[in-house]
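Residue-level structure breakdown
Below, each chain spelled out in residue letters.
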Amino acid sequence: MIVFRDPAEVPAGFGPSVVAIGKFDGVHTGHRAVIDRARVDASDGAHVVAVTFDRNPLSVLRPEKCPADVIGPHQKLELLDRAGVDATLLLTFDEALATIPAEEFVQRILVDALEARTVLVGRDFRFGAGGAGDPALLERMGAEHGFRVDIVDDVRAVHLDRRVSSTWIREALAAGDISTAARLLGRAPSVWGEVVHGLKRGRELGYPTANLSPDLEGFVPADGVYAGWLVDVDGARRISYPAAISVGTNPTFDDVHTRQVEVYVIDETDLDLYGRHVEVRFVERVRGMTAFDGVDALLVQMADDVERSRVILR
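Notes on the structure follow.

Examining the sheet that holds strand β12 (residues 239–248)
- Reading around the barrel, the six strands line up as β9-β10-β13-β12-β11-β14 and close back on themselves, with antiparallel pairing between neighbours. For this sheet, the mean inter-axis angle between neighbouring strands, taken without regard to orientation, is 45°.
- In terms of strand pairing, strand β11 (residues 224–232) meets β12 through nine bridges, oriented antiparallel. Within β12, the position partnered with Trp 229 by the bridge is Pro 242.
- Packing of helix α3 (residues 73–82) onto the sheet brings it into contact with β9 (190–196) and β14 (277–287), and relative to β9 it is tilted by some 130°.

Following this line, the structure appears as structure tokens:
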């Protein structure tokens, strides 16, 4: 997938294109339904292009109202690539972009840069300064500039009759409900980041862990222990390792003051991942986080966590 970070980077004559616009936070099943429709529309040779942002626009416009991201920009680009997008225009959402009039946004990005033939948006899509742009404005400008607007309805979960959304995914992850989050995402929820040095207490206890940097990408689920996978993404080929994952602040020792993600690769004691980027995929919650009465009790529980994780992943 080609990545552009400014409309000026799009080469002349790049179009025609079929463009899907949105935040794509999570690239969940609803988002992929839009992309699948775009791929059908582009089946005669047009490029499928996603236009999205490097952050939630609310982080600039209304930071007090901005929720945590389901995924970060690196994850978003990878997931759009997997979904079959030919190119992504990842716009930096800052004060300058926030003040561009809606009509100028359409002219500069959809018409001049991407030569859009079809534009796909959700029914509640808003863009341009003050949110003045909406699907009706897109349709009027499409008639003028020769592109069609396809308004895509929500994807709903039939069993609960609820719209698939990033909000619902965040709710599920905050409750440790990995199963629901995975159904909505269409894949295992995950975080991505660099392995950094920790207190090395896991190594002292016989369970060396890979600690993810606090500035990782992705929504970290509720505190607890999870079965999942650690994927080394820095090598020439990706290697997946079965893992028991701890999320929280190590209440038994009470000396970690920020939530962290620690990953024990099952049956590996000398795996050196420091400085490497990894993806941690959550498969199932094993238990909640609790403080234990001493190291011996903790070790018994850790052995059980690892064995239960092994069974789940098998």
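Structural notes on helix α10 (residues 295–313)
- Counted at 1.5 Å a residue, the expected span for α10 with its 19 residues is 27 Å, and the 27 Å between its end C-alpha atoms agrees.
- Buried positions along α10 lie against β11, β12, β13 (260–265) and β14.

Some details on the sheet that holds strand β1 (residues 2–4)
- If you walk across this open sheet you meet the six strands as β1-β4-β3-β2-β5-β6, and the pairing is parallel. The open sheet has two edge strands, β1 and β6 (148–152), and neither has a second partner. Taking the axes of each pair of neighbouring strands and ignoring which way they run, one obtains an average angle of 20° across the sheet.
- Relative to strand β4 (residues 87–91), strand β3 (residues 47–53) runs parallel, the two being bridged by five bridges.

Conventions adopted
Sequence order sets the numbering: in each chain, residues are counted from 1 along the sequence as written. Thresholds applied to this predicted model are a pLDDT of at least 70 for local features of residues and 80 or more for the giving and counting of side-chain atom pairs; totals over whole chains, interfaces and linings are not thresholded and use all residues. The side-chain numbers reported here are obtained from all heavy atoms of the structure, hydrogens and water having been left aside. Should DSSP find at least two bridges between two strands, the strands are taken to pair. Helix and strand assignments come from DSSP, with helices taken as H or I runs of at least 4 residues and strands as E runs of at least 2, each series counted from the N terminus. All axes are obtained by fitting lines to C-alpha atoms, using only the stretch in contact for helices, and the reported angles, taken between N-to-C directions, cover 0 to 180 degrees. Contacts are assigned to residue pairs with any non-hydrogen atoms lying within 4.5 Å of each other. Multiply 1.5 Å by the residue count of a helix minus one, and that product is the helix's expected span.

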